[in-house]
Amino acid sequence: MAKGHIQKTLARKYAFKFLYPKSLASFEALASDEDTNTELDDFEESYTAPDDEHSDNELTLETKTFGRKLILSTLSNFDDVLKNLNPCLAPRTLDKLDMLERTIVILGASELQSNVETPAAILINEYVEMAKEYGNQKSYTFVNGVLDKYAKATR
């Protein structure tokens, strides 16, 4: 596995961990850029603080930069992502999703929309692996199906 790939995988997890505690479904009223950057700085400090539970939470400059880019892109394109994502969820709706699945599909859809240089299959696999790591036994199949529909509809 290439080093750059590992850094981007870690950056996606960093972005997920920042966005997960937030109920993304209620992000219609986004904080200012300054507030978001302050919150990101605070999160990064907490994320990288040494402790027994999170010994692998070091951030390289590449990981931090890519992770912040994903977070800011997701927040700034939230309405557009939702508009394109909602039809891919049918018959389910975003507000009925488990918070973990909701965060992963929104983050994945945002990256599919903004990172067109990377093939859709690679991005979808990244988020499927994230769902396998953090979700229940069926989360990854749901994430795979939704992001596949999203990629076909938007790329």
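If you're wondering where the values come from, they're calculated on a predicted model, not measured in any experiment.

### Concerning the overall build of the protein chain
So, step 1. The secondary structure content of the protein chain amounts to seven helices and zero strands.
So, step 2. Across the 155 residues in the protein chain, those meeting the buried criterion constitute 43%.
So, step 3. Here the analysis covers contacts within the protein chain between residues at least 6 apart in sequence; of these, 78% occur between residues at least 24 apart.
So, step 4. Total accessible area computed for the protein chain in this model is approximately 8,500 Å², and 51% of it derives from carbon and sulfur atoms.

### A word on the packing of aromatic side chains
So, step 1. Taken as a whole and judged by the stated rule, the model has six aromatic pairs.
So, step 2. Taking 5.3 Å as the distance between ring centres and 50 degrees as the angle between the ring planes, the aromatic pair formed by tyrosine 14 and phenylalanine 43 counts as tilted. In this pair, tyrosine 14 is assigned in helix α1 (residues 3–19) and phenylalanine 43 in helix α2 (residues 33–48), connecting sequence segments 29 residues apart. Note on accessibility: tyrosine 14 and phenylalanine 43 belong to one class, buried.
So, step 3. Between phenylalanine 16 and tyrosine 134, the ring centres sit 5.0 Å apart and the planes meet at 25 degrees, which makes this aromatic pair stacked.

### Some remarks on the nonpolar core
As a rule of thumb, nonpolar side chains are buried together in soluble globular proteins.
So, step 1. Membership of the largest hydrophobic core comes to 41 residues, with the highest contact counts inside it found for Ile71, Leu85, Ile104, Leu112 and Tyr127.
So, step 2. Where this core is concerned, the elements lending two or more residues are α1, α2, α3 (61–76), α4 (78–89), α5 (99–114), α6 (120–134) and α7 (139–154).

### Remarks on α2
So, step 1. Here α2 contains 16 residues, and its C-alpha end-to-end distance of 22 Å stays within 8% of the 22 Å for a straight helix at 1.5 Å per residue.
So, step 2. Turning to α2, its buried residues are Thr36, Leu40, Phe43, Glu44 and Tyr47. Along α2, the residues classed as buried sweep out an arc of 105 degrees about the axis, all on the same side. Facing away from the buried surface of α2 by more than 90 degrees, the exposed residues are Glu34, Glu45 and Ser46.

### Observations regarding the environment of tyrosine 140
So, step 1. By the element assignment, tyrosine 140 lies in helix α7.
So, step 2. Its relative accessible area of 32% is what places tyrosine 140 among the partly exposed residues.
So, step 3. Sequence spacing of tyrosine 140 and methionine 130 is ten residues, and the spatial spacing of their C-alpha atoms is 7.9 Å.
So, step 4. Not counting residues up to four positions away in its chain, the partners in contact with tyrosine 140 are Val128, Ala131 and Lys132.

### A closer look at the packing of α5 against α6
So, step 1. Where α5 meets α6, the axes come as close as 10 Å, and the angle between the chain directions of the two elements is 165 degrees. Classified by the interaxial angle, the pair formed by α5 and α6 is roughly antiparallel. In the packing of α5 onto α6, the handedness of the crossing is right-handed. The residues of α6 that touch α5, namely those facing Leu100, Ile104, Leu107, Gly108, Glu111 and Leu112, are Ala120, Leu123, Ile124, Tyr127, Met130, Ala131 and Tyr134.
So, step 2. Looking at the contact of α5 with α6 residue by residue, the class counts come to eleven nonpolar, one polar and one charged.

Thresholds applied
- Residues numbered from 1 in each chain as written.
- Predicted model: local features only at pLDDT ≥ 70, side-chain atom pairs only at ≥ 80, totals over all residues.
- Heavy atoms only, no water.
- Helix = DSSP H or I, 4+ residues; strand = E, 2+ residues; numbered from the N terminus.
- Buried < 20%, exposed > 50% of the residue type's maximum accessible area, 1.4 Å probe, protein only.
- Contact = heavy atoms within 4.5 Å.
- Areas by Shrake-Rupley, 256 points an atom, 1.4 Å probe, with all protein chains shown as cover.
- Phe/Tyr/Trp six-rings, centres within 6.5 Å; stacked < 30°, edge-to-face > 60°.
- Core = buried A, V, L, I, M, F, W, Y, C linked by side-chain atoms within 4.5 Å.
- Expected span 1.5 Å × (residues − 1).
- Arc of directions from axis to C-beta.
- Axes fitted to C-alpha atoms, helices over the stretch in contact; angles between N-to-C directions.
- Parallel < 35°, antiparallel > 145°, perpendicular 65-115°, else oblique.
- Left-handed = near helix turned anticlockwise from the far one by under 90°.
- Nonpolar A, V, L, I, M, F, W, Y, C, P; charged D, E, K, R; others polar.

Honestly, that's just the spatial picture; any functional story needs more than this.
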